[in-house]
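Chain and residue survey
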Amino acid sequence: MCYYDNYKYQCNDWKWGNFRQHCNAEYRQGETCGMKMVYQTVPLADKCSMCDKIERKQRRLEKHKSDYTRWAAEPHKYRCSMEKAQDEMKALVQEIQRLIGEKQAKYHMVGNPRRA
Ligand SMILES: [Zn+2]
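The structure presented is a predicted model; accordingly, all values stated were derived computationally and were not measured.

Donor atoms from the polypeptide that coordinate the zinc ion comprise Cys-11 (SG), Asp-13 (OD), Cys-48 (SG) and Cys-51 (SG), at 1.9 to 2.3 Å from the metal. Of note is the zinc ion, whose 4 donor atoms meet at the metal with angles of 102 to 116° in an arrangement that counts as tetrahedral. In the primary sequence, the donor residues of the zinc ion line up as C-x1-D-x34-C-x2-C. Taken as a pair, Cys-11 in the loop between β1 (2–8) and β2 (14–21) and Cys-48 in the loop between β3 (36–43) and α1 (49–71) lie far apart in primary sequence, 37 residues in all. For Cys-11, a relative accessible area of 21% corresponds to the partly exposed category. Classification of Cys-48 by relative accessible area gives buried; the value is 1%.

With that settled, consider unusual backbone geometry. A positive phi angle is found at Asn-12, which is not glycine, with a value near 80°. Mapped onto the fold, Asn-12 is located in the loop between β1 and β2. For Asn-12, a relative accessible area of 52% corresponds to the exposed category.

Counting residues in hydrophobic clusters, the biggest one holds 11 residues: Tyr-9, Cys-48, Met-50, Cys-51, Ile-54, Leu-61, Met-89, Leu-92, Ile-96, Leu-99 and Tyr-107. Looking at this core, the elements with two or more residues in it are α1 and α2 (75–110). With 5 residues, α2 is the single largest residue contributor to this core. Residues contacting Met-50, with those up to four places away along its chain left out, are Leu-99, Glu-102, Lys-103 and Lys-106. Grouped together as the second largest cluster of nonpolar side chains are 8 residues, Cys-2, Cys-23, Met-37 and Val-38 included.

On to the pattern of salt bridges. Scanning all chains against the criterion turns up 11 salt bridges. Across the pair Arg-56 and Asp-52 runs a salt bridge whose closest N-O atoms are separated by 3.6 Å. On the criterion of helical spacing, the pair formed by Arg-56 and Asp-52 is a turn pair, its members being 4 residues apart in helix α1. On the accessibility criterion, Arg-56 (47% relative accessible area) is partly exposed. For Asp-52, a relative accessible area of 34% puts it in the partly exposed group.

Reading guide: rules and limits
- Residues numbered from 1 in each chain as written.
- Predicted model: local features only at pLDDT ≥ 70, side-chain atom pairs only at ≥ 80, totals over all residues.
- Heavy atoms only, no water.
- Donors = N, O, S within 2.8 Å, 3.2 Å for Na, K, Ca; no water.
- Tetrahedral: all angles 85-135°; square planar, octahedral: opposite > 155°, others 65-115°.
- Helix = DSSP H or I, 4+ residues; strand = E, 2+ residues; numbered from the N terminus.
- Buried < 20%, exposed > 50% of the residue type's maximum accessible area, 1.4 Å probe, protein only.
- Core = buried A, V, L, I, M, F, W, Y, C linked by side-chain atoms within 4.5 Å.
- Contact = heavy atoms within 4.5 Å.
- Salt bridge = Lys/Arg side-chain N within 4 Å of Asp/Glu carboxyl O.

Now the structure itself:
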């Protein structure tokens, strides 16, 4: 097991950082053994780019929802806008689901960080 920095985002997602230290396992010169262990956790002030993207889309979805609700009081006047908003909401929901799936796959692949 070799030791790496561990960057932790504000959203609790994380990524591996720089290589820090070799372990005692056998390894050839300049190589790491392939098993990653946490050397130190470095907190980051931001959310990860995936959460950021998802949140931006969720905010847009909320905006469409509130517009739609407002327009629904006068449907004869806003029929076109309401239809457009409905289409966009549908697309956004799909996009958000896709991003969440992508994020889960991404962090699943990295696995859980282990404490050294
Ligand atoms: Zn995140």
